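# Observations on the three-dimensional arrangement
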Amino acid sequence: MTGEEFVPLSLTPMLIGMFAAVACALPGNFLVLRRQALIGDAISHVVLPGIVVAFLVTGAVSAWPMMIGAAGASVVAVALIEAIRRLGKIEPGAAMGVTFTAMFAAGVLLLEQSDTSTVHLDVEHALYGNLESLIWLDADGWGSLVDPVALAGLPEELIRITLTLIVVCAFVWLFWRPLKLSTFDEGFAQTLGMRTGVLGLALVIVAAIAAVAAFDAVGSIIVIAMFICPPAAARLMTNRLEVQIAWSVVFALVSAIAGYVIAGFGPMWIGADNAVSAAGMIATVSGILLAITAVFGPCRTRSGAPVE
Amino acid sequence: MTLELAANQGSAPVTDTVDQSPLAVRGMTVSYGQKPVVFSVDMTIVQGSMTAIIGPNGAGKSTLLKAALGIVKPLAGQSMVYGAPLRGQRQKIAYVPQRASVDWDFPTRVIDVVLMGLYRELGLLRRIKARHIEKARACLERVGMSDFADRQIGQLSGGQQQRVFLARALAQGAELYLLDEPFAGVDAATEKAIIDVLKGLKAEGKTVVAVHHDLATVTEYFDRVFMINTRKIAEGSVAEAYTRENLDMTYGGRLATGQIDQLDLIAS
């Protein structure tokens, strides 16, 4: 493939996929270690109706209304969970399950019932993302990367996910020690005066921002694979958190690149005509990486036993 | 009467001893549900002492410690550290949680755990320098774990894990050391190593408080006891407070007479 084809058609979707994967994998490391990995799943379910309502109100798929809609939906979710838990006198897990599923269903229903034909927001895109369509039509080759006119036409989604990735990286870098300490030993962290509750909430919010931003790239369901698979696979490669983070970034990038390429060209290699969903293939590759590390990873056994 | 009201009425007036005490707890009441786990407890730790907090399972020993440290939010009560509120005095306290309270499969090395004790010094972003590593290694040396610095923490035995936790507390360079069951499930060598370190701290003029389970070693290891069963039962020097009568009250007759007879009770 030449630059003339690659830059306009494949470069931006690949970058968006890569950035989205890394933006989810970084907070995912801490969520997995805190046994909160499914919070990513919960977020992705809950924010869908918020995003749809934001779209219906503004009539456009743009960043700020989507973020506000997602945040609003999260507040509604928390209120609903509390209400169900108190009124129904049932355990929080059940209240959450009901709320997440109901809100996701409401999001899908809203999408189906509303006219979204003019933009890239329909059920399929909400579920699987629309990575392939995030192309850069103003580009005509590698030279466009330094051409201000062409750069002005970069897809908005790329800018959005880049900013998100910067926010995620800044958060993890700045709060590295408190995150590590409070994930390992929350009680001890509190005796140092650390506000572990606030920090845990901040982590969830950063994860939510990543999930909403990755909505464009991989949709609201497959994003869960991005939160869990690369960090979980990375954990099986090392016994040091610093190295685990590095591995998770590598796995996220490999998943995004390989997933995109295989989705686009894989069917051709086996003689089929059509490409398959890039987001689906990215999740598949990350799942395969997790399976491989689960079988061959060097640190996959519980080390518990004393070594003398 | 609500629990809060009862707790407030039960709290004793703050006395003069609070000013000198490394840790003075007043009217502490904690509840996880309807029933209080700790009820209106006053505790005054004596400077330079080694105090054992003893009581049956579920008597609120750990909870009292956690509430005093602000880890658990009490319904009522306060704790003063060297005569001032906890908030500004945290640097004077080192806490050793129960070993089982953390996930030892967490991906980190022994030396990294000890370096966590230097968090106040390092802050968010300050670089870890050679002197920090040296300090952490010296703390590992004190608990006899210097050969394990680069081990993954999951590879340690229970006793070794406990020593690493103690090394982390030493790295904090505190005045007051609060330990939650430091001898639970450790081997004899570790128990000896830990008690030697704690006695060393006392010799330096530091204050040590430990939740303790083994009644047989109280008189040997500690000079003061605090006996609790939701409410405070007794507090004082081992010689005056560690009596058969107080043990009976604390354990509600659950200790067989034979067990008590085996204890080396000074005052019985």
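Refer to the structure above for everything that follows.
Bear in mind the structure is a predicted one, so any value in this text is a computation, not a measurement.

Rules used in this analysis
- Residues numbered from 1 in each chain as written.
- Chains lettered and ligands numbered in written order.
- Predicted model: local features only at pLDDT ≥ 70, side-chain atom pairs only at ≥ 80, totals over all residues.
- Heavy atoms only, no water.
- Contact = heavy atoms within 4.5 Å.
- Buried area = accessible area lost by both parts, 1.4 Å probe.
- Salt bridge = Lys/Arg side-chain N within 4 Å of Asp/Glu carboxyl O.
- Polar contact = N/O pair within 3.5 Å; in protein donor to acceptor, adjacent residues only side chain to side chain.
- Helix = DSSP H or I, 4+ residues; strand = E, 2+ residues; numbered from the N terminus.
- Nonpolar A, V, L, I, M, F, W, Y, C, P; charged D, E, K, R; others polar.
- Expected span 1.5 Å × (residues − 1).
- Bend = angle between axes of the 7 residues up to and from the residue.
- Pairing = 2+ DSSP bridges.
- Axes fitted to C-alpha atoms, helices over the stretch in contact; angles between N-to-C directions.
- Core = buried A, V, L, I, M, F, W, Y, C linked by side-chain atoms within 4.5 Å.
- Buried < 20%, exposed > 50% of the residue type's maximum accessible area, 1.4 Å probe, protein only.

### Focus on the interface of chain A and chain B
Taken together, the contact between chain A and chain B spans 31 residues of the former and 38 residues of the latter. Here chain A meets chain B over a buried area of about 3100 Å², counting both sides, of which 59% is carbon and sulfur. Taken together, the connections running from chain A to chain B amount to 2 salt bridges. Taken together, the links from chain A to chain B amount to 10 residue pairs in polar contact (both at pLDDT 80 or more). Of all the secondary structure elements, the ones that give two or more residues to the side of chain A that touches chain B are helix 7 (156-174), helix 8 (176-184), helix 9 (186-191) and helix 12 (241-269) of chain A. Looking at the side of chain A that touches chain B residue by residue, the class counts come to 14 nonpolar, 9 polar and 8 charged.

### Observations concerning helix 2 (residues 38-58) of chain A
For an α-helix, 3.6 residues make a turn, and residues three or four places apart therefore share a direction. Given a rise of 1.5 Å per residue, 21 residues ought to cover 30 Å, and the 31 Å separating the end C-alpha atoms of helix 2 of chain A matches this to within 8%. Maximal helix bending in helix 2 of chain A amounts to about 35 degrees, located at V47 of chain A; proline P49 of chain A follows within four positions.

### Some details on the sheet that holds strand 5 (residues 84-85) of chain B
Residue and element names in this part refer to chain B. Spatial strand order, 2-1-4-5: 4 strands in an open sheet with antiparallel pairing. With one partner strand each, in any of the chains shown, strand 2 (36-45) and strand 5 form the two edges of the open sheet. Sheet analysis places strand 1 (residues 23-31) next to strand 2, joined by 6 bridges and oriented antiparallel. Bridged to V30 within strand 2 is V38. Its contacts with the sheet place helix 2 (residues 61-68) against strand 1, strand 2 and strand 4 (76-81), and it is angled at close to 115 degrees to strand 1.

### Examining the nonpolar core
Grouped together as the largest cluster of nonpolar side chains are 138 residues, with contacts concentrated most on F184 of chain A together with I54, L198, V225 and Y242 of chain B. Counting residues per element, this core draws most heavily on helix 1 (residues 3-33) of chain A, which supplies 16 residues. Every residue in contact with L198 of chain B, bar those within four places of it in the chain, is listed here: M50, L166, L179, F183 and V208 of chain B.

### A look at the pattern of salt bridges
All names here are of chain A. Throughout the structure, instances matching the rule amount to 16 salt bridges over all chains. Ionic pairing is found between R240 and E242, a salt bridge with its closest N-O pair at 3.9 Å. Each of E82, R85 and R86 takes part in a single network of salt bridges with overlapping partners.

### Some details on the sheet that holds strand 8 (residues 207-211) of chain B
Residues and elements named next belong to chain B. Strand order in the open sheet formed by 6 strands is 6-7-8-3-9-10, and the pairing between neighbours is mixed. A single partner strand is all that each edge strand has here, and the edge strands are strand 6 (93-96) and strand 10 (231-237). Adjacent strand axes in the sheet meet at a mean angle of 15 degrees when their direction is disregarded. Across the sheet, helix 6 (residues 158-171) is in contact with strand 6 and strand 7 (176-180); its angle to strand 6 comes to roughly 170 degrees.

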